[in-house]
Amino acid sequence: MKKPARKQSKREEAVAGMQLVLPVSEVVREGLHEFVVGMGLAALTELLERERTELCGPAYSRGRSGPQRAGSAPDSLVMGGRKITTRRPRVRKDGHEVPLSSWSDFAEEDPLEQRAVEQMVLGVSTRGYARSLEAPPEGVVSRGTTRSAVSRRFVALTQKRLEEWLATDIGELDLAAVMIDGLYIQEHLVLVALGVDESGTKHVLGLWEGATESAEVCIALLSDLIERGLDPHRSLLFVIDGSKALRKAIREVFGKRALVQRCQQHKRSNLKDYVGEQHWAEVKRRLGDAYNDTSYDRALKSLKTTARWLDRISPDGAASLREGMEETLTVIKVGIEDEWLRRTLSTTNPIESAISVARTVTGRVKRWRDGNMRKRWCAAGLLRAEQKFRRIKGHRHLPALAEALEAIVAKRIDV
């Protein structure tokens, strides 16, 4: 008696299906790419010929005055992150070339520069740029993917963006707070300023490069912001780390109109370096109670009590806590009632998040040539971070914060 055929298991059926489908899908994928590119080039050729016909009339027509057909010439277009060579129809009139508007639109090179910047910011090296692109179809001649070509485009576009960015008028921004922090590249510091307007939107305002975090460099950054439209008579909340040079610069440039909030997270980190592990949990709890309080007087009293307690454990830690103690409580003193907004503006975390993106981008560079190169790469990273910005938490209370700042500053100036 004939044995019945063994029924295939589901796994065997799946394997058999894969053996049949995968090669076909690969062929279809390659064919589809060539088909799409080929149809695109054919459509472009038809579009150009249609425009030339509108200018010159049908081919081989005679007795027509005005623009005349003049054959074609090899030229380049941007496609898929590279330049490809194709034929460009020519039109002449009175001995001069007549440009075709369709060709001018397609020949724009900005997308190519943009692609080079995006690839390099994402970590693709100039040597690996060509390998990161889809291979051109057979028979299509391409260029513009060499290391030097990609590097030139990256330098050109980042320099252009840097100049445009540093010349942008910021006078129309209704800023409520400004955060300032720095990024070290080798031994050089790039100071970054980030503004928060009354709608809660974050804006990278500018950057300034210097050898050290000196008061002169900080003053130069603030002066540059004023020249670009930042109102020095507007009451602002400045959120900074524990930099004395930056604090001095804000005082000299903005005077009593600036209220300074020192980063509470930086203060915690500094104290942790002074206090041993056996005492850190208690110090952290005490700081948390003070910084989460809604009463300025209670919070200040709590910090002073903690400083006296630290005198017995770590005198240097106590001195660190006392340094700028009142300014770590500015958000409480101003009267920010919303907990989310108070937490957001009590630290430099929003600007440090943007700087971390710039640090990742600049970390891919192995050799720095000059300060302009550092600024260009830092700007590329910051602009990438800016694309992902979201409004800060508690932004609905920012108009009330602006009014409270004006009221406090008015009293300080009257005194």
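Structure's up top.
Residues numbered from 1 in each chain as written. Predicted model: local features only at pLDDT ≥ 70, side-chain atom pairs only at ≥ 80, totals over all residues. Heavy atoms only, no water.

A.B. asks: Can you help me understand the side chain of histidine 395 in this one?
C.D. replies: By secondary structure assignment, the location of histidine 395 is in the loop between α14 (371-386) and α15 (398-414). Judged by its relative accessible area of 15%, histidine 395 is buried. Excluding anything up to four places from it in sequence, histidine 395 contacts Glu198, Ser199 and Gly200. (Helix = DSSP H or I, 4+ residues; strand = E, 2+ residues; numbered from the N terminus. Buried < 20%, exposed > 50% of the residue type's maximum accessible area, 1.4 Å probe, protein only. Contact = heavy atoms within 4.5 Å.)

A.B. asks: How should I be thinking about the packing of aromatic side chains in this particular structure?
C.D. replies: The relation between two aromatic rings is expressed through the spacing of the ring centres and the mutual angle of the planes. Here the structure, examined in full by the defined rule, presents 1 aromatic pair. Geometrically, the ring pair formed by phenylalanine 238 and phenylalanine 254 is tilted, given 5.0 Å between the ring centres and 55 degrees between the ring planes. On the criterion of sequence distance, the pair formed by phenylalanine 238 in strand β8 (residues 236-240) and phenylalanine 254 in helix α6 (residues 244-254) is long-range, its members being 16 residues apart. For the pair formed by phenylalanine 238 and phenylalanine 254, the shared burial category is buried. Of note, lysine 202 hangs over the ring of phenylalanine 389, and the distance from its end group to the ring centre comes to 4.8 Å. It is arginine 343 that lies over the ring of tryptophan 340; its NZ or CZ is 5.8 Å from the centre. (Phe/Tyr/Trp six-rings, centres within 6.5 Å; stacked < 30°, edge-to-face > 60°. Lys NZ or Arg CZ within 6 Å of the ring centre and 35° of its normal.)

A.B. asks: Would you explain the nonpolar core in this entry?
C.D. replies: One recurring pattern in soluble globular proteins is that nonpolar side chains are buried together. By size, the foremost hydrophobic cluster in this structure holds 61 residues, and its most contacted members are Leu345 and Leu382. Sequence-distant contacts of leucine 382, that is, excluding residues within four places in its chain, are made with Trp165, Val192, Val204, Leu207, Ala354, Ile355 and Ala358. (Core = buried A, V, L, I, M, F, W, Y, C linked by side-chain atoms within 4.5 Å.)

A.B. asks: I tried to follow the packing of helix α8 (residues 277-291) against helix α9 (residues 296-313) on my own but got confused; where do I start?
C.D. replies: For any two helices packed against each other, the geometry comes down to the angle between their axes and how far apart the axes lie. One way to put it is that α8 packs onto α9 with a least axis distance of 8 Å and a crossing angle of 165 degrees. It follows from the interaxial angle that α8 and α9 lie roughly antiparallel. The crossing of α8 and α9 is left-handed. Contact with α8, carried on its side by His279, Glu282, Val283, Arg286, Leu287, Ala290 and Tyr291, involves Ala299, Ser302, Leu303, Thr305, Thr306, Trp309, Leu310 and Ile313 of α9 and no other residues of that element. Each residue belonging to the contact of α8 with α9 can be placed in one class, and the counts come to 9 nonpolar, 4 polar and 2 charged. (Axes fitted to C-alpha atoms, helices over the stretch in contact; angles between N-to-C directions. Parallel < 35°, antiparallel > 145°, perpendicular 65-115°, else oblique. Left-handed = near helix turned anticlockwise from the far one by under 90°. Nonpolar A, V, L, I, M, F, W, Y, C, P; charged D, E, K, R; others polar.)

A.B. asks: When you look at the sheet that holds strand β6 (residues 188-197) in this model, what are you seeing that I'm missing?
C.D. replies: Adjacent strands of a sheet form backbone hydrogen bonds with each other and so pair up, either parallel or antiparallel. Ordered in space as β7-β6-β5-β8-β9, the 5 strands form an open sheet in which the pairing is mixed. Pairing within the sheet leaves two strands with one partner each, and these edge strands are β7 (202-210) and β9 (258-262). Within this sheet the neighbouring strands show an average axis-to-axis angle of 25 degrees, counted without direction. The pairing of β8 with β9 spans 5 bridges and is parallel. Looking at the pairing, phenylalanine 238 lines up with valine 260 of β9. Sitting on the sheet, helix α5 (residues 215-227) is in contact with β5 (175-185), β6, β7 and β8, with an inclination near 140 degrees to β7. (Pairing = 2+ DSSP bridges.)

Remember that the coordinates give geometry; whether it matters functionally is a separate question.
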